[in-house]
Structure formats: structure tokens, C-alpha cells
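Listed below are the residues making up each chain.
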Amino acid sequence: MSWDIIATLAVTGIAVFLFATEKMRMDAIAILVLCSLVVLGQVDVGAALDGFSNSATIAVTAMFVLAAGLQNSGALDSIGRILGNVKSPWLFILVLCGINAVLSPFVNNTAVVAVLIPIVIAAAQNINMAPSKALIPLSFASQMAGVCTLIGTSTNLLINAIAQKQGHSGFGMFEFASLGIIFFAVGIVYLLLTSRFLLPESHLELEQEAGFGKYVAELKVNKDSPLIGKSTTDSGLNEEFNLFTIGVLRDGERLSTPSHQALQKHDILLLRGESEDLTKAREKYGLHYVVYGRRASDDDNLNDDLMVSEMMISPTSRWIGGTIPILQQRWNKNATVLGIQRRSKVIRERLRGTAFKMGDILLLTLPKEDMETLRKDKDFIVLSSDLVKPEDNWRGKFALGVMALVVLAAAFGVVPIAISALLGAVAMCLAGCLTADEAYHAIDWKIILVLAGLLPLGEAMANSGAAQFIVDNTLGKAGEFGPVVVLAVLYLLTMVLTEFMSNAGTAVLLTPIAVSTAKMLGVDASPFIIAVMFAAATSFMTPVGYQTNTMVYAAGGYKFTDFLKIGLPLNLLYWILGIILIPIFFPFNPA
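These numbers come from a predicted model, not from an experiment. (Residues numbered from 1 in each chain as written. Predicted model: local features only at pLDDT ≥ 70, side-chain atom pairs only at ≥ 80, totals over all residues. Heavy atoms only, no water.)

With that settled, consider the overall build of the protein chain. Broken down by element type, the protein chain carries 27 helices and 9 strands. Here the protein chain has a C-alpha radius of gyration of 26 Å; the compact-globule value for 591 residues is 25 Å, and the two agree. On the principal axes, the C-alpha backbone points of the protein chain span a range of 85 × 55 × 45 Å. Within the span of the protein chain, comprising 591 residues, buried residues form 60% of the whole. By sequence separation, contacts in the protein chain at least 24 residues apart represent 79% of the contacts at least 6 residues apart. Total accessible area computed for the protein chain in this model is approximately 23800 Å², and 59% of it derives from carbon and sulfur atoms. (Helix = DSSP H or I, 4+ residues; strand = E, 2+ residues; numbered from the N terminus. Rg over C-alpha atoms; globule rule 2.2 N^0.38 Å. Buried < 20%, exposed > 50% of the residue type's maximum accessible area, 1.4 Å probe, protein only. Contact = heavy atoms within 4.5 Å. Areas by Shrake-Rupley, 256 points an atom, 1.4 Å probe, with all protein chains shown as cover.)

A word on helix α1 (residues 3-21). Side chains three or four residues apart in an α-helix point the same way, a direct result of the helix having 3.6 residues per turn. Along its 19 residues, α1 runs 27 Å from first to last C-alpha, staying within 8% of the 27 Å computed at 1.5 Å per residue. For α1, every residue scored as buried is listed here: Ile5, Ala7, Thr8, Val11, Thr12, Ala15, Leu18 and Phe19. Tucked into the core, α1 has its buried residues touching α2 (26-39), α20 (445-464), α21 (466-473) and α24 (503-521). Positive backbone phi, approximately 55°, marks Glu22, located one or two places after α1. (Expected span 1.5 Å × (residues − 1).)

Here the focus is unusual backbone geometry. One non-glycine residue, Asn242, adopts positive backbone phi at about 55°. Looking at where Asn242 falls in the secondary structure, it is placed in the loop between α13 (237-241) and β2 (244-250). Owing to a relative accessible area of 52%, Asn242 belongs among the exposed residues under this scheme. In this structure, His266 takes a positive phi of about 75° despite not being glycine.

The end-to-end C-alpha distance of helix α18 (residues 417-430), which contains 14 residues, comes to 20 Å, matching closely the 20 Å that a straight helix rising 1.5 Å per residue would cover. Buried within α18 we find Ile417, Ala418, Ser420, Ala421, Gly424, Ala425 and Met428. Each buried residue of α18 sits inside an arc of 165° when the element is viewed along its axis, so together they form one side. Seen from the open side of α18, the exposed residues pointing more than 90 degrees away from its buried face are Leu423 and Leu430. Looking at the buried residues of α18, the elements they touch are α4 (55-72) and α17 (394-411). Gly432 sits one or two positions beyond α18 and adopts a positive phi of about 85°. (Arc of directions from axis to C-beta.)

Bringing empty space enclosed by the protein into the picture now. Overall, the coordinates contain 4 cavities of 30 Å³ or more when judged by the stated rule. Reported here for the largest cavity is a volume of approximately 70 Å³. Lining the largest cavity we find Val60, Met63, Phe64, Val107, Asn108, Ile151, Gly152, Thr153, Ser154 and Leu157. Of all the elements in the fold, those that place two or more residues in the lining of the largest cavity are α4 and α9 (154-165). (1 Å grid on protein atoms, 1.4 Å probe; cavity = no way out; pocket = protein on both sides within 12 Å on 5 of 7 lines; lining within 4 Å. Points joined across faces, edges and corners; volume = space filled by probe spheres on them.)

Attention now goes to the environment of Ala59. Within the fold, Ala59 resides in helix α4. Take Ala59: its relative accessible area is 0%, and that puts it in the buried class. For the pair formed by Ala59 and Ile417, sequence separation is 358 residues and the distance between their alpha carbons is 6.4 Å. Once residues lying within four places of it in the same chain are set aside, the contact partners of Ala59 are Leu157, Ile417, Ala418 and Ala421.

Moving on to the pattern of salt bridges. Throughout the structure, instances matching the rule amount to 7 salt bridges. As a salt-bridge pair, Arg25 and Asp27 come within 2.6 Å of each other at their nearest N and O atoms. Note that Asp562 and Lys565 form a salt bridge whose closest N and O atoms lie 3.8 Å from each other. On the criterion of helical spacing, the pair formed by Asp562 and Lys565 is a turn pair, its members being 3 residues apart in helix α27 (residues 560-585). Judged by relative accessible area, Lys565 falls into the partly exposed class, the value being 44%. (Salt bridge = Lys/Arg side-chain N within 4 Å of Asp/Glu carboxyl O.)

One finds Phe92, Ile117 and Met144 to be the most contacted residues of the largest nonpolar core, which totals 175 residues. What Ile117 contacts, discounting residues up to four positions off in sequence, is Leu135, Leu138, Met312, Ile381, Leu383, Met551, Val552 and Ala555. (Core = buried A, V, L, I, M, F, W, Y, C linked by side-chain atoms within 4.5 Å.)

Next up on the list: the environment of Ala355. Here Ala355 lies in the loop between β7 (336-341) and β8 (361-367). The exposure class assigned to Ala355 is partly exposed, which follows from its relative accessible area of 34%. Sequence spacing of Ala355 and Gly322 is 33 residues, and the spatial spacing of their C-alpha atoms is 5.2 Å. In contact with Ala355, other than residues within four places in its own chain, are Gly321, Gly322, Thr323, Arg342 and Asp360.

Evaluation of the coordinates by the stated rule reveals 14 aromatic pairs. Aromatic side chains Phe528 and Phe588 sit 5.6 Å apart centroid to centroid with 45° between the ring planes, which places their arrangement in the tilted category. Residue Phe528 is found in helix α25 (residues 526-537), and its partner Phe588 is found in the segment after α27; the two are separated by 60 residues along the sequence. Phe528 sits in the buried class, given a relative accessible area of 0%. Within the aromatic cluster, the residues linked to one another by ring pairs are Phe140, Phe171, Phe176, Phe183, Phe534, Phe540, Tyr553, Tyr558, Phe563, Tyr574 and Phe586. (Phe/Tyr/Trp six-rings, centres within 6.5 Å; stacked < 30°, edge-to-face > 60°.)

Let us now look at the pairing of strand β1 (residues 215-221). Here β1 lies mainly inside the structure; 6 of its 7 residues are buried. In this structure, β1 lies alongside strand β4 (residues 268-273), joined through 6 bridges in antiparallel fashion. Directly across from Val216, in β4, lies its bridge partner Arg272. Of the pairings in the sheet, the one linking β1 to strand β5 (residues 287-289) comprises 3 bridges and is antiparallel in character. Note on β5: the bridge partner recorded for Lys220 is His288. (Pairing = 2+ DSSP bridges.)

If you want it as C-alpha cells, here you go:
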């Protein structure tokens, strides 16, 4: 084994470990990989930085801007009206999947799901359907539709770019659309038949076990509160409003037996309960929310000019790791965070020192005039349904037209997808669908750094011989059973790895192996590349396997096992479909 193979495999192994264990941020891992390959002499500086100018990276960057333009212009607002007219739960899922079939092949599926989460929740509740019956299908359908086109997911573009660097001709915009449509149709039928039985009907059990729907809030005892001199147990506070007292703080110190201590003026109650119950308790017992980032008084109350909203920290939020005081001072001084809801864990410490995590849901108040700004902010996913919607205007239709032209120009070979997407992004900014600042903010720079930083690893895997070494010692053993068996093993390997590390990481690791495998067998590489592409872009078994899964996991109040119950059979079904259909659409020995 040569030094080049050892060095490349060492970097790859460390990267896989870091991706799987989440010891570091994805973008930090990608940059570490890039620098390590240069230091170890596996790629030169020019090749290492090529990822930042690669057409796939540019296209993905522009697609984020296009998605934001569609959202900000109000082009997608009619979706709520469509879903609101559906009365049958079965038809609701079918229409929801149909909407995904139109949007997700052309718009980043993370953006699609972010837009649709609050719409789906509100529409489902209008027909007395548990949102938990619809949110996992929303996530799964966005992934299934995303594999129908080259631009449906950033993974598709990344794999295509790596394959082209290794001599493959690459794929056209709709080259695997027929195969993707079959996968999508089978997936939709599966969801229609199983979601009724395999997904939770309501949030009742989840509320008891994980506290879903319940916020942790801090309320201070006013000088005239009837609670003064009574304990929380004697006052009936907990029983009357279905609240739970997590702790009582006095002069900055936590009381050791809060339920039996007589309350005093300015004591702070750390309470857990639903937002409506917290508000009722505040009004009856003379309490007020502890406010960070500005001076509060005993008379501090919710103002009629303020609106209450629930918002989730998005997977791409810059506030992950931040705290309430920092958020209110730097983001919007008029915002007041009243409570935090965290999936699978009850917060027991002071809120001011609690670091936000992806998927946390914040209960906050904002002036009415700031609500539209909140709706457009990509750091948050607004879950409440009482927001002021933008008025219909020509920009929504213009944004849809621009998106259509971007896709058609690339599909017919007028210009490459990176150029058409850039032109479309510029057109949306010039038309006022979003501002330049909003465009920069819309880009998920973490994903861009991952794509650009990992591309050199694919080149190093191929050039060093590491990919061939892996093939000879793994997939090569199955070569004697024929290419179909090798395809099945490669698809399964990709499917499993994708559940535990980033899709981009899996794609970069296995695409060179797919090409080397084809060379070893003396067949065309296309079926193996397609296997990696489809398996890496459809992750159903865990809430952490794909960003959209994580988003609905927090918003829908699911358990980890809910994804396993409905996702594992679907992944296995796709595996079988891949083994059967990929060689038909992409023969091993094309004529």
C-alpha cells in the first residue's frame, strides 16, 4: 500500500468519524479535509480550491437565492389556500405530495419544507387532522421529488461534478427523471397506505413523555401578587393551569425545596406548560415574564400592539449556540422571548444561559409591523399561523417565471445550469423579490463550504488509488457474482452511511468508489453513480439523516422510533426498486 493511499484513507476515515459523531461542524470538517489533503501532498493548492469555483457549488449557491426569491415574493402563498380547501385526510396527503412533486425537483427541498411546515400545520388543524400525520410525509415527499432532476438536491449536483472530474460525461437536467418519477410514485403510494397506521394520531402521548407543546418560561412575582406568602403547592398554581414548577429563584439563588417555600416579591418561577396556560396564570396571579435585553418593571405586560408567535430555530440558523439576551440585543430589540420548547429534554436552568439548539421552538412577542420581517428571516421557521401575509403582487408571478426560465434554459442547453441560476438570482434581486442583503443571508454558507471543501477529497480518492484499493478489498469481492450484486451492495452501503453522516460526505466518499467499481467490472459507471445519487438523497430512517427530517421532527412532536417505523420499510423498498430498475434505465453495457 503506497503512502498516497494511506494518507488519503486516513483523512477519509477521520472525516467519516467526525461526520458520524458530530464532534465538529460539517463545514469545519470539510475545510479540515481540504487543508489536510494539501499538507499531505494529495492535491495541490489549485486543485484544493477548485471546489469554490466548481459549477456545482455556484449552482447550489444561486439556487438558495432563487428559493428565497420565490418565498419572499409570495409566489408560494397560494399553497395554503389549496391545502385549506382539502377536507379528507387521505386527499390532504395526496395533494401535499403533489405540491412537492411540482416544487422540490426545482427548488431546494430544505427551503420548500421550511415554507410548508406552518402552512401544513394550520391546514391540517382546520380539518381536525393531527399535523403529525402530515409532516413526515412532507419531508419524505420533498426528498423523493428531489431526485427527479439534476438540481433537485445539492447532492445530485455534487455527485455529478465529482463524476465529471473522473471522466464521466455527467447527466442532463431530466436524464434520470423517468426513474425518479417511478420512485416518487411508489413512495407516495406507500405513504398513503401506511401513514395512517404508522404515524402517531395525536400529540397526547408525546406531551406526557417528552413535554412536546410545553414551553419553559420564567415569570417574576409582582409586589401585589396573591402568591406572596404561599407556596406553589398551596396556591394551586400547578393544578389549576396544568403547569409544572421546575424551580424557584430568589436573589439569584435557587431554592432547594421550591414546592414548599413561601413565595416572596420578585421571586422568579421557572414554569413549564402550554403557552395559553402560562398566559392565564400570569394574568390571574400577578406575574410578568422575565425580559432579557431591556429593562423590565413590575408593570411589564403584554401589549395589545404585540403579536405572539412561535418560531423554530432552523437547521441553518446563525443563532444556534446563541442565547436569549444575545438574540434580543442583536436581532430585534423589540422582540421578547417568553419561553423555550426543546424536544426530548426539559430545560431546568435559567433561560438566559440556555444555548439554542437546532429545532428549539421559541415563544415570543413582536410588534405587528415586525412580523413580516420575521416571516422572511431564514434563521427561523415561523410555526404560528396568525402572521400578516404579503399582498398579492406581480413579483410572485415574476419569480415563478424566472424559475421556469432558469430550468428551461439549462434543460435545453442554452446555458449551463450555474449560469442560468446566477442570471435568475440577479433578476429576482433587480425586480425586488428580495434585497441583496436578503440574498446573501438566504445562502446556506455551511452547505457551500461543505460542497467546496469536500470536492478535493473525491479527486484525491481517485488519483491516489484509494478508491480502487477500497473496491478491490470490499465491492471487488462481490464482483464474481455480477454487476447487479455489486450495485445492490453499493446502494445498501450508501443508504446506511447517509443515515449517520452528511449526504455530501457520503456522496464524496462513494462516488469515486462507484466509478472505480465500474472500471474493475468493465461496465458503464452510470448505474453505480445513479445508485449513490438516489441512496444519498433519500434518507428516511432517522430524524438526523436529512435536514428536512430534523425540521419536522421538532415541529411535529415525533419520537425517534416514528421515523424508523415508517422510514425503514421505505428505504428497503427503494433499495429493491434500485436493484431492479436502475440497470433497466441505465444498462451496464449500453448499446
